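# Summary of structural features
One-letter residues, chain by chain:
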Amino acid sequence: MERNRGTALVRRPGPRLAEGIVTHLERTPVDVARARAEHDAYVAALEAAGWRTVEVEPADDHPDAVFVEDTVVVVDDLAVLTRSGAPGRRGELAGTRRAVESLGLRTVALAEPATLDGGDVLQVGTTVYVGRGGRTNAAGVRALRELLAPLGRTVVPVPLRGVLHLKSAVTALPDGTLVGLPSSVDPAGLPSLRVPPEEPGAHVVPLGGGTVLLAASAPRTAQWLDDLGFDVVPVEVGEFEKLEGCVTCLNVLIPG
């Protein structure tokens, strides 16, 4: 694998992980020890693909803090610190702020009345799709648009149906093709979606070149992507899936 692709922010699962917020799923027991082992393997996969991992300091009083993607949106040299639509998650931001500042990024924090989770933000080239649902409001979309317009980005809001975040339903392959679940989004603002063979297959993380990270719970999608010419790195994220997490929300990739 190529080296020095960039920096990946990650945060270890805390002791209260099993208390994480569940919105659209029935709560099931979470094995914290198993989650930590899954997270270790996840971090190892990022590093094997050429990403330097930087650990955001723990936020052990916040059960969902492992889902570090929700706390910041990075575009070029700008780090937009979010303001979650789940008030209990806003205390996760302090450690993320220190991490992005240590990397020399410009930082700006969203303010009331805006709410936005990073899991609602999908960047594809110069287009930034933003899920409009339970965690991100209209003021959050407007605020992000104002911040990103000077960077040449176009913000496109996408109404959601029955999913926590936009990236719970739609992600992008390395070539920019969107993959996802048409039943969970209003497709009016999206180009055509390629529908994966199974629900967890809607979540991919492009790692550079033609390589994607994919949950091990989507083996048919792994074969489908292989047939399309992509290299698939499967990782176990079953304990995080119980909390409506997926492969996208456990990192923030900052290209080198």
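Refer to the structure printed above.
Description of the structure in this document. (Residues numbered from 1 in each chain as written. Predicted model: local features only at pLDDT ≥ 70, side-chain atom pairs only at ≥ 80, totals over all residues. Heavy atoms only, no water.)

## Quick look at the pairing of strand 14 (residues 231-235)
Relative to strand 14, strand 13 (residues 211-215) is paired through 5 bridges, and the arrangement is parallel. When the sheet's bridge partners are listed, Ala215 is paired in strand 14 with Val235. Handedness of the β-α-β unit built from strand 13, helix 4 (residues 219-227) and strand 14 comes out right-handed. (Pairing = 2+ DSSP bridges. Helix = DSSP H or I, 4+ residues; strand = E, 2+ residues; numbered from the N terminus. Right-handed = clockwise from strand over helix to strand, strands pointing away.)

## Some words on the packing of aromatic side chains
Summed over the entire model, instances satisfying the criterion amount to 1 aromatic pair. Ring centres of Phe67 and Phe240 lie 6.2 Å apart, and the angle between their planes is 80°; this geometry places the pair in the edge-to-face category. Of this pair, Phe67 sits in the loop between strand 2 (51-55) and strand 3 (72-75) while Phe240 sits in helix 5 (residues 238-241), placing them 173 residues apart in sequence. Look at Phe67 and you get buried, because its relative accessible area is 4%. (Phe/Tyr/Trp six-rings, centres within 6.5 Å; stacked < 30°, edge-to-face > 60°. Buried < 20%, exposed > 50% of the residue type's maximum accessible area, 1.4 Å probe, protein only.)

## Here we look at the sheet that holds strand 13
Reading across the sheet, the 3 strands line up as 12-13-14 and stay open at both edges, with mixed pairing between neighbours. The sheet is open, and its two borders are formed by strand 12 (204-208) and strand 14, each paired with just one other strand. On average, adjacent strands in this sheet sit at an angle of 30° to one another, irrespective of strand direction. Strand contacts of helix 4: strand 12, strand 13 and strand 14, with the helix running at about 165° to strand 13, the strand carrying the most contacts. (Axes fitted to C-alpha atoms, helices over the stretch in contact; angles between N-to-C directions. Contact = heavy atoms within 4.5 Å.)

## Let's talk about helix 4
Within helix 4, burial applies to Thr221, Trp224 and Leu225. Mapping the buried residues of helix 4 onto a view down its axis gives an arc of 95°, with all of them on the same face. Opposite its buried face, helix 4 presents the exposed residues Pro219, Arg220 and Asp227, each directed more than 90 degrees away. Packing partners of the buried residues in helix 4 comprise strand 10 (178-180), strand 11 (193-194), strand 12, strand 13 and strand 14. Trailing helix 4 by a residue or two, Gly229 shows a phi angle of about 100°, which is positive. (Arc of directions from axis to C-beta.)

## Re helix 2 (residues 93-102)
Among the residues of helix 2, those classed as buried are Gly95, Thr96, Ala99 and Val100. Seen from one end, helix 2 has its buried residues packed into an arc of 130°, which puts them on one side. Close packing links the buried residues of helix 2 with strand 1 (6-10), strand 3, strand 4 (78-81) and strand 5 (106-109). The first or second residue beyond helix 2 is Gly104, which carries a positive phi of 85°.

## Some thoughts on the pairing of strand 6 (residues 121-124)
Sheet topology note: the strand 6/strand 7 (residues 127-132) ladder contains 4 bridges and is antiparallel. Within strand 7, the position partnered with Val124 by the bridge is Thr127. Counted between consecutive antiparallel strands, the loop separating strand 6 from strand 7 contains 2 residues, among which Gly125 sits at a positive phi close to 65°.

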